[in-house]
Amino acid sequence: RSCSAITAEVDPPISCFVEALARNKGLTQLDLSANRVDSSVALIIEEALQRHRRLRRLDLEENPLGVSGLRSLLRLLAEPRSALKLLEIDRCLYGFDEPDKLPTFSATTPGRRYSLDLSRPYHRSMLRMLYTTAERLKDQPDATFQGLACTEKDFAHAKRDSAGVWSGVPAQGKLDFVFSIAPAVEAAAKGLAEGDFRGFLQRYLQIARSQPSLKEAVPLFARWRNLEDRPSDQLVYLKALSKDFNLSNSCLEHLCSHCPDLAGIVVPRLFPCLPDDVAARHLGLSIFQTAGCYMKAWPELLPFLNFNPENPTGHYKLDLERCSEHGVAQRLFLLNTWESILDKGVGRADSSQHGDGSHLRNSCYHGEPVYSSCATIAEWALPENGLYEFDYVSGRRPPETAAALEDTFDALLVQLRGSRSDPLSKVAVLRSISHCVYFTSMQIRQILTLLDGAGARTELVVALFTRILDMHNAKLWRSCFDKPEDFERVKVRLGFVTMFPFFQPENACFKLDFTSYEQRLCMSILRGLEAKEKADTNLCECTYVQEDGTEDKLAGGVPRPWATLAQVPIVGSFSGSYRCMPQDRRFLDRRELARLYGALRGELQDVDVNWWASLAEARADVLALVELLFWRYPEAPGAETAFQEIDFKATGTVKFQDFEPYLQELNCTKFKGSSAEEERERVRAVFNFLDPVQTGELKTDQWQVLSMLWRELDRTLRELVGFLSRACGGNLQEAWTTLDSKGRRALTGGILRCRSAPRLFRPHQSGLRARGCGGVRQDHARWVPGARQIQGASEIDFQVGLRFCGMCERTYPRTQR
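Residues numbered from 1 in each chain as written. Predicted model: local features only at pLDDT ≥ 70, side-chain atom pairs only at ≥ 80, totals over all residues. Heavy atoms only, no water.

With that out of the way, let us pick up the overall build of the protein chain. The helix and strand inventory of the protein chain stands at 31 helices and 20 strands. Here the protein chain holds 817 residues, and the buried ones make up 56% of them. A separation of at least 24 residues holds for 74% of the contacts in the protein chain among residues at least 6 apart in sequence. (Helix = DSSP H or I, 4+ residues; strand = E, 2+ residues; numbered from the N terminus. Buried < 20%, exposed > 50% of the residue type's maximum accessible area, 1.4 Å probe, protein only. Contact = heavy atoms within 4.5 Å.)

Below you can see the structure in the form of structure tokens.
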């Protein structure tokens, strides 16, 4: 007793004594009370006694064990090969979990970098525990101990001797390595479908965690009864039990039966230990005897219940002190390891944020970037407490046989519109069911129109990104993000490579920071695509800002070596946009890039892509031209009809000499300036936008840009009418009356924004300026030929008014004719 001498430089003498017990055979009782046994000594005890066949009683009273120390002892108590039955731990559940900042051991997620000083007993025991872990996971040391470096020559892995003790562990020298659980993860996932995330987690946790049988459960839970009327000790016990054990519902019910008033504390902390299936969760939640107890536990349970392992993509802000949130973090780390293995198995290129194959992004611990202390996420140890914030982006994609939600999609829209929940709550509900459904890009766009605020729209895209079937048509919903900074947040959350517009990069703007691996990879992809489609001409308006702030306009084009990732500078930043004429597209090359970096499946063809354009990509004068064509040719295909009128000789081309007179014949005043020369320059700028390579003539392929903008404008108006129709039961006259409450027979954009809740998109005002008026009047019907009556004259007027307003306010969905 009282072997309590301790200094900062060396381990306490009790450590050496306990380590030597591994070869003891006759000891039946051991009293180590009041010996300054902390969490580090507790790990040595666990390692030394886990195969002891005669020791039945261990007295550790009045020692500063803490949570980590108690975890070691509970694992020892539940070890089938140990004879230990009685553990005395009164007045010892206080203490520091990481004395002297020693490396801690986690049975569930042991993967991390270890730097061990083998002259210290604790470090030697840590090494033996890792050997035991590799043995339990059925892995060879050569596969799990990676990048091993030792200061002692001729280092060899330890082996168990005839006594069951790991022999051959050096007593001096320093050892540095990364312990990898990848082989165990791969073995656990063997035979599972690629996307069976839930099944993988269940298999791995069954292997890695302790599962006490009835024989081991009796002494394990006997300690719980001894802690009655000591709430602080009970909390420590529950936290230690929650990290390394798989428990059944009967075990959870047994713990609550002795302290019914503590069900609101026991269930949230041990809920992550239950089997991950509907029945187990239902039985676990039914333990609560009162609604008040259930509501008290709800805030702590919510992060775990909201976690969807079948669709883990999302943003997480986890308080690791809470058992439920620590359980979520453990599962995401395991999924990250498995998905990294899957990526290598299918030959998918590394598109991670830092080039380490990780699906974790933007990781911050206590507000500090995780990568400031480690080179890869595999080297970082998941802490036991603290605030951990990050994004997870799954590489899972819909199978080729998946089908989009069809029959009930309209009902889903009605429910979303009618719900009084805030937009983020609606997104949370959609996330919880997302593993059951798939969506098309057009359906994602329709849902986005029902969410107010860029934050909610960002969350929706993140939550449903892996459930979109036709990612090649992503531009349909990308156009809902008017502000570049709003869509930039989506790229930061999901990844710059993940959100790269492989199929439709036209008119996309790129702002890349070369200090980031993934953004350098984007630059490499972009320059390589340009070289294949039309070298040195597709990337325009480019600027390279060097590390010292010097700007280089890249007048000679983006350097060709940048097509190779290793040749892209690691400092500075790049900005520019990409333009490509339809006849220059190399569709097969784009498809191959999407397969290599974007996890594309199947043999996609050019006709499968819905070629689209966003109104935010075009200049104001170009939009003015689109609005003019939209009014003159309201029926599809309007822009194509205009091309045929200009090219009345059917030459297949339109020159500027034909384009300018055509606008004059229409009495177009949209480009009017202070002088005729200024007006001509504006018209010339519109023509050059359609002819970026300055050939002097437009072909039908180049004119398609206007057709795509025309379709976007038309779609926006149809969505607005659909929204108002659902809001007013199909009665557009009622919608007009509601909006025009003062009987002015005219609506301004401000009135529509205020009263058409929820707001849909950011306003686009060019149409209002084009007409020279401030709103919509009911008599605007005469401006649109071919309008058909739906429910009466006033409905026609309102429909046409909405169509006009939709051009003025790009925010509103478009009209159903």
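In this section: the pattern of salt bridges. Inspection of the entire model under this criterion finds 50 salt bridges. When the shortest N-O distance is used, the salt bridge between R489 and D486 registers 2.7 Å. Separated by three residues within a single helix, R489 and D486 lie in helix 20 (residues 484-494), roughly one turn from each other. Judged by its relative accessible area of 45%, R489 is partly exposed. Judged by its relative accessible area of 9%, D486 falls in the buried class. In the salt-bridge network here, residues are joined through shared partners; they are E46, R71, R75, K243, D244 and E384. (Salt bridge = Lys/Arg side-chain N within 4 Å of Asp/Glu carboxyl O.)

Phi at E62 takes a positive value of approximately 60 degrees, unusual for a residue other than glycine. Within the secondary structure, E62 is located in the loop between strand 2 (57-59) and helix 3 (66-77). Here E62 falls in the partly exposed class, since its relative accessible area comes to 41%. The phi dihedral of L554 is positive, around 50 degrees, even though this residue is not glycine. Along the chain, L554 turns up in the loop between strand 15 (551-552) and strand 16 (573-578).

Let's shift gears to the layout of surface pockets. Its volume calculated, the largest pocket comes out at about 920 Å³. If you go around the largest pocket, you meet 43 residues; those closest to its centre are N336, S340, D356, G357 and S358. Those elements that provide at least two residues to the lining of the largest pocket are strand 8 (174-179), helix 6 (182-188) and helix 14 (323-345). If one sorts the elements of the lining of the largest pocket by residue count, helix 14 sits on top with eight residues. Approximately 760 Å³ is the volume found for the second largest pocket. Lining the second largest pocket are 32 residues, and of these P484, N507, A508, C509 and E617 lie nearest its centre. Partitioning the lining of the second largest pocket into residue classes produces 15 nonpolar, five polar and twelve charged. (1 Å grid on protein atoms, 1.4 Å probe; cavity = no way out; pocket = protein on both sides within 12 Å on 5 of 7 lines; lining within 4 Å. Points joined across faces, edges and corners; volume = space filled by probe spheres on them. Nonpolar A, V, L, I, M, F, W, Y, C, P; charged D, E, K, R; others polar.)

Looking at the protein chain, the pLDDT average stands at 83 and 88% of residues meet or exceed 70. Contacts for the low-pLDDT stretch residues 4-8, under 50 throughout, to residues beyond four places or in other chains number seven contacts. (pLDDT = per-residue confidence, 0-100.)

This paragraph deals with the sheet that holds strand 1 (residues 29-31). Taken together, the three strands give an open sheet; going across it, the order is 1-2-3, and neighbouring strands pair in parallel fashion. Two strands lie at the open edges of the sheet, namely strand 1 and strand 3 (86-88), each paired on one side alone. Each strand of the sheet is rotated relative to its neighbour by a mean of 5 degrees, with strand direction disregarded. Pairing geometry for strand 1 and strand 2, over three bridges, is parallel. The residue of strand 2 that forms the bridge with D31 is D59. (Pairing = 2+ DSSP bridges. Axes fitted to C-alpha atoms, helices over the stretch in contact; angles between N-to-C directions.)

Viewed as axis vectors pointing N to C, helix 13 (residues 291-306) and helix 14 meet at an angle of 15 degrees, and their least axial separation amounts to 8 Å. In terms of their interaxial angle, helix 13 and helix 14 are classed as roughly parallel. As for the relative orientation of helix 13 and helix 14, their crossing is left-handed in sense. In this structure, helix 13 uses E300, P303 and F304 to contact helix 14, whose residues at the interface are C323, S324, E325, V328 and R331. Residues of the contact of helix 13 with helix 14, tallied by class, amount to four nonpolar, one polar and three charged. (Parallel < 35°, antiparallel > 145°, perpendicular 65-115°, else oblique. Left-handed = near helix turned anticlockwise from the far one by under 90°.)

On to the environment of W612. Topologically, W612 is positioned in the loop between helix 22 (587-597) and helix 23 (620-632). Linking W612 and W710, residues 98 residues apart in sequence, is a C-alpha distance of 9.5 Å. Non-local contacts of W612, meaning those with residues more than four positions away in its chain, are made with R445, K475, L476, S479, Q504, M708, R711, E712 and R715. Looking at W612, its side chain comes within polar contact range of the side chain of E712, at 2.5 Å. (Polar contact = N/O pair within 3.5 Å; in protein donor to acceptor, adjacent residues only side chain to side chain.)

Counting 114 residues, the largest nonpolar core has I45, F200, Y204, L241 and Y388 as the members making the most contacts within it. It is helix 14 that provides the largest number of residues to this core, a total of eight residues. Residues Y578, V626, Y633 and W710 belong to the second largest nonpolar core, which totals 73 residues. (Core = buried A, V, L, I, M, F, W, Y, C linked by side-chain atoms within 4.5 Å.)

Turning our attention to the environment of T440. Summarising the element assignment, T440 is placed in the loop between helix 16 (423-433) and helix 17 (441-448). Look at T440 and you get partly exposed, because its relative accessible area is 24%. The spacing of T440 and W477 is 37 residues in sequence and 9.9 Å in space, taken between C-alpha atoms. What T440 contacts, discounting residues up to four positions off in sequence, is A404, I468 and D470.

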